[in-house]
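# A structural walkthrough
Below are the chains, spelled out letter by letter.
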Amino acid sequence: MKIAVIGQSLFGQEVYKELRKDGHTIVGVFTIPDKDGKADPLATEAEKDGVAVFKFPRWRVKGQAIPEVVAQYKATGAELNVLPFCSQFIPMEVIDHPKHGSIIYHPSLLPRHRGASAINWTLIHGDKKGGFTVFWADDGLDTGPILLQRECDVEPNDTVNTIYKRFLFPEGVKGTVDAVRLIAQGKAPRVTQPQEGATYECIQKKENSKIDWNQTAEGLHNWIRGNDKVPGAWAEVDGQKVTFYGSSLMNKGSTAKGQALEIPGASQPGLVTKAGLVLFGNDGNALLVKNLQFEDGKMIAAAQYFSSGSSAAVELTEEEKSFAEKMRAVWQSILTNVSHIEDSTDFFKSGAASMDVVRLVEEVKLRASSCQLQNEDIYMNTTFQEFIQKCVRKLRGEDDEEELVVDYVEKNTNNMTIQMPHQLFINGEFVDAEGGKTYKTINPSDGTAICDVSLAQISDVDRAVAAAKEAFEEGEWGKMNPRDRGRLIYKLADLMEQHQEELATIESIDSGAVYTLALKTHVGMSIQTFRYFAGWCDKIQGSTIPINQARPNRNLTFTKKEPIGVCAIVIPWNYPLMMLAWKTAACLAAGNTVVLKPAQVTPLTALKFAELAARAGLPKGVVNILPGSGALVGQRLSDHPDVRKLGFTGSTEIGKHIMKSCAVSNVKKVSLELGGKSPLIIFSDCDMDKAVRMGMSSVFFNKGENCIAAGRLFVEDTIHDQFVKRVVEEVKKMKTGDPLDRATDHGPQNHKAHLDKLVEYCQTGVKEGATLICGGKQIQRPGFFFEPTVFTDVQDHMYIAIEESFGPVMIISKFKGGEVDDVLRRANATEYGLASGVFTRDISKALYVSERLNAGTVFVNTYNKTDVASPFGGFKQSGFGKDLGQEALNEYLKTKAVTIEY
């Protein structure tokens, strides 16, 4: 078709370009005159293509069409007028002239929000749905028949800018072009707009955008965001007109500390915090405003309201000086009326407009992808020197951080003061659970309460998943350069290392882990894991594949490894921080976002991790931590339709239930690390000293609360009695006591219910006729202590030979020398297959046994030697999927195949 495009702006430019791609002939572009010597983007694009461009200042005078203007339009011979965005009044002589009439894009779901400020009023009214309409123009104001409509969800913190960029612009361009296609095909509908639900609101201007403080927090938030950026909601503060930008609702239960700011008419004073300006509605709830603009046009971060300004200027390196000169050239290309860009040159006083802000932000990205400026950064740093300082601080990672409000529980212990967050961590904030629900987490060393911890409810899970989804789909995490993502994860590992003594102390009092082990393994390996996967971020890649169906055409097939999206992680209580690290590090390195449920009895290091993640600069919503019950939180994560992957470590029984729920809900990807009954075979030709030492470690490491613990030791009959005697001697040397005591070897079991199960487990072994050599009882002292225990003469049919104790219980069985295949049969006669081990000096025997042991990990002449680079996971009912190593990344990636014919 022959089309006249009547309009302006980048939106008009994109519609114009897509219509040309669709094969239509643009017979004329009618746009606004140049402003300050600069052509509108639509005009620039059309002139580049040699299309006739008309820049009429007006189409009518005193309500009458200007004949000369109409004549020039009619001369183009247009068959359809497309008005993608037009600020001028177009006379009906033009609207009705083409064969197919005229269509107009309008950014609301008509008949709701007719008028020029439709997006503003969609937000001001708090609409849950937004969208756009392409309609047939008539002589009314946005009243013509509907041709096409498309809708979207309005996010709680959307502004005019965010909803426009996310949906109204990109989908609006597509929708307008689709409407033209329907017309060309003769399939375009004309649906009369209903009268019911029709609204018309006035144009939002500065004079009518003053804030009425007698509203709820949500009402205030909607008013501010509905006027953000244009015209800007304002109020009088300290005798001057101040405009508010960047509003977000604060979670109920959020607390803030700051300096009071009196605001005339407000229900209570605002609070200037490091995060911004906290405002309160008449319902007592709060919202946060990020930026303020004064009457002279200067914009500041709201957090700086009472401060004198930014910190001292940073000295630039040679590389940064080079970057600054490149940006000086960019400024010069934008500010063509300025002869030379000085450090003091002001971007806006030199004639820059809002479109120039968008260009400058994009120019920075082209030259330094890790410098993610926002439009507000330009408005708040208007001189060239301020602009460069802002860029350099961003590049160095020294940019001002938001205040992280943490309501710590502090304890003086282990020769230090530990600070423990105790609330849920959702969307970058520590918040109370719905209804303020809490529970007590217990110190297993003495049975006393450490603190009250927020107890997540279903609504909290939904909020956390929504935050993770937004962070993945719309936030900077999903768009971040992989190398920059790796730098953030590495920075997180550095922070964990700086806090390693505090983390180990928290782990010790919350889980009962011996402090020295917590420091080396629980925390030490967690740090190593994050560092290891930080290095993988920019090495995730697909492959190029030759395909058989190539001829006679030329084809290219390649694969891409892509993140899955929102991942749920549910972890156990035996290694609270390390289990978090094993799964979360790979998950984040792959580019996903995470909602993690720590074990209800050990939530504190996960919450401390959340604090460190925020301080490392991980964007809001990337990490969310929800202490709570498995039946409520774990079940909701399994069922949630927006969760696309669930990683679980725990019992086989719960793993089966999770797998079923994940299948029924949305067939989400699952990886399971479940129970174990790992066999350890000790042959008579072993190094006895090493076999005793490692055999002890295989059972009693971390109080036996170890998923790969040797659940059953098969000892060759000729060395059985010697081995048992040596083990008992070593057990007697073990010191049981306070896990914070550096001399302690054996700390308390994790919680009372587990202690009771261990007592019952050992009683069952005795009843079945196994020989109890030592231990088997609770230690009579405060806390949940259980004696290191040794059973022998354990037969294959016995309960303790089959079931996992998950405690400090050594189960020993004899086997006859020379019967290698028989002991292998007995070792493999279990539904579990997590780990296994063999001790022998005969390398051929070691290899033979390791090949036939049916387990995900086999240790030869060692035990418990896991490493961040080695994949870890089980067979059979010990689960599937891998933690650690390169293979762990595959659990959090999806493979896409792309085939191109050329």
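Residues numbered from 1 in each chain as written. Predicted model: local features only at pLDDT ≥ 70, side-chain atom pairs only at ≥ 80, totals over all residues. Heavy atoms only, no water.

Buried residues dominate strand E26 (residues 593-597), accounting for five of its five residues. Side chains Thr 593, Val 595 and Lys 597 project from E26 onto one buried face, and the interleaved Val 594 and Leu 596 project onto a second face that is buried too. Alignment of strand E25 (residues 566-570) against E26, held across five bridges, turns out to be parallel. Each bridged residue has a counterpart across the sheet, and for Ala 568 the counterpart in E26 is Val 595. Each parallel crossover has a hand, and for E25 linked through helix H18 (residues 576-589) to E26 it is right-handed. The parallel pair E26 and strand E27 (residues 623-625), bridged by helix H19 (residues 604-616), forms a crossover whose chirality is right-handed. (Buried < 20%, exposed > 50% of the residue type's maximum accessible area, 1.4 Å probe, protein only. Helix = DSSP H or I, 4+ residues; strand = E, 2+ residues; numbered from the N terminus. Pairing = 2+ DSSP bridges. Right-handed = clockwise from strand over helix to strand, strands pointing away.)

Take the sheet that holds strand E40 (residues 893-901) next. Strand order across the open sheet formed by three strands is E23-E24-E40, with antiparallel pairing between neighbours. Edge positions in the open sheet fall to strand E23 (544-545) and E40, since each of these has one partner strand only. Sheet topology note: the strand E24 (residues 555-563)/E40 ladder contains nine bridges and is antiparallel. Note that in E40 the partner of Lys 561 across the bridge is Thr 895.

Our next topic: the packing of aromatic side chains. The full count for this structure, using the stated rule, is 29 aromatic pairs. Seen in terms of ring centroids, Trp 121 and Trp 223 are 6.3 Å apart; in terms of plane orientation they differ by 75 degrees. Their pairing is edge-to-face. In this pair, Trp 121 is assigned in helix H5 (residues 118-124) and Trp 223 in helix H8 (residues 217-226), connecting sequence segments 102 residues apart. Assigned by exposure class, Trp 121 and Trp 223 land together as buried. Measuring from centroid to centroid gives 5.2 Å for Tyr 305 and Phe 306, while their planes differ by 90 degrees, and the two rings are edge-to-face. Among the aromatic residues, those joined into a ring-pair cluster are Phe 11, Tyr 105, Phe 132, Tyr 164, Phe 167 and Phe 169. One Lys or Arg, Arg 190, reaches over the ring of Trp 136 and ends 3.7 Å from the middle of that ring. Above the face of the Trp 477 ring, Arg 485 is positioned so that its terminal group lies 5.9 Å from the ring centre. (Phe/Tyr/Trp six-rings, centres within 6.5 Å; stacked < 30°, edge-to-face > 60°. Lys NZ or Arg CZ within 6 Å of the ring centre and 35° of its normal.)

Turning to the side chain of Ser 638, a few remarks are in order. Topologically, Ser 638 is positioned in helix H20 (residues 630-639). Residue Ser 638 is classed as buried on the basis of its relative accessible area of 1%. Polar side-chain contacts of Ser 638 include one of 2.9 Å to the backbone oxygen of Gly 634. In this view, Ser 638 contacts Leu 646, Ile 658, Ser 661, Cys 662, Ser 665 and Lys 668; residues no more than four positions away in its chain are not counted. (Polar contact = N/O pair within 3.5 Å; in protein donor to acceptor, adjacent residues only side chain to side chain. Contact = heavy atoms within 4.5 Å.)

In this section: the layout of surface pockets. Its boundaries defined by the atoms lining it, the second largest pocket holds a volume of some 1,300 Å³. Contributing to the lining of the second largest pocket are 44 residues, with Trp 573, Gly 650, Ser 651, Ile 654 and Lys 757 lying nearest its centre. Secondary-structure elements contributing two or more residues to the lining of the second largest pocket are H20, strand E28 (645-649), helix H21 (652-666) and helix H24 (752-767). Among the elements that make up the lining of the second largest pocket, the one with the highest residue count is H24 (seven residues). Considered class by class, the residues forming the lining of the second largest pocket number 18 nonpolar, 19 polar and seven charged. (1 Å grid on protein atoms, 1.4 Å probe; cavity = no way out; pocket = protein on both sides within 12 Å on 5 of 7 lines; lining within 4 Å. Points joined across faces, edges and corners; volume = space filled by probe spheres on them. Nonpolar A, V, L, I, M, F, W, Y, C, P; charged D, E, K, R; others polar.)

The next subject is the UniProt feature "site: Essential for catalytic activity" (unreviewed entry) in the protein. Under the local residue numbering, the UniProt record ascribes the feature "site: Essential for catalytic activity" (unreviewed entry) to Asp 142. Residue position: Asp 142 is located in the loop between strand E8 (129-136) and strand E9 (146-153). Overall, the relative accessible area of 12% leaves Asp 142 in the buried class. For Asp 142, the contacting residues outside a window of four places in its chain are His 106, Leu 110, Arg 114, Gly 115, Phe 135 and Gln 193. (UniProt positions renumbered as here; feature names shortened; annotations may be inferred.)

Attention now goes to the sheet that holds strand E31 (residues 710-716). Strand order in the open sheet formed by seven strands is E32-E33-E34-E31-E30-E36-E37, and the pairing between neighbours is mixed. Each end of this open sheet is capped by a strand with a single partner; those strands are strand E32 (771-774) and strand E37 (857-860). The sheet shows a mean angle of 20 degrees between the axes of neighbouring strands, direction not considered. Of the pairings in the sheet, the one linking strand E30 (residues 678-682) to strand E36 (residues 835-839) comprises three bridges and is parallel in character. Bridge pairing links Ile 682 to Phe 839 in E36. Lying on the sheet, helix H23 (residues 717-733) is in contact with E30, E31, E32, strand E33 (789-792) and strand E34 (809-815); it crosses E31 at an angle near 130 degrees. The sheet strands contacting helix H27 (residues 843-852) are E30, E36 and E37, and the helix crosses E37 at an angle near 165 degrees. (Axes fitted to C-alpha atoms, helices over the stretch in contact; angles between N-to-C directions.)

Once that is clear, we can look at empty space enclosed by the protein. Applying the stated criterion across every chain, the model contains three cavities of 30 Å³ or more. Its boundaries defined by the atoms lining it, the largest cavity holds a volume of some 100 Å³. Together, 14 residues line the largest cavity, and Ala 709, Ala 710, Gly 711, Ser 805 and Phe 806 are the ones closest to its centre. Here the lining of the largest cavity is composed, by residue class, of six nonpolar, six polar and two charged. Reported here for the second largest cavity is a volume of approximately 60 Å³. Lining the second largest cavity are 15 residues, with Pro 679, Tyr 832, Gly 833, Asn 854 and Ala 855 sitting closest to its centre. Looking at the lining of the second largest cavity, the elements with two or more residues in it are E30, helix H26 (820-828), strand E35 (832-833) and E36.

Domain annotation of the protein identifies domain 1 (2-185), domain 2 (217-304), domain 3 (332-396), domain 4 (457-673) and domain 5 (679-868). Summarising the inter-unit geometry, the C-alpha centres of domain 3 and domain 4 are found 37 Å apart. (Domains from an automatic or database assignment.)

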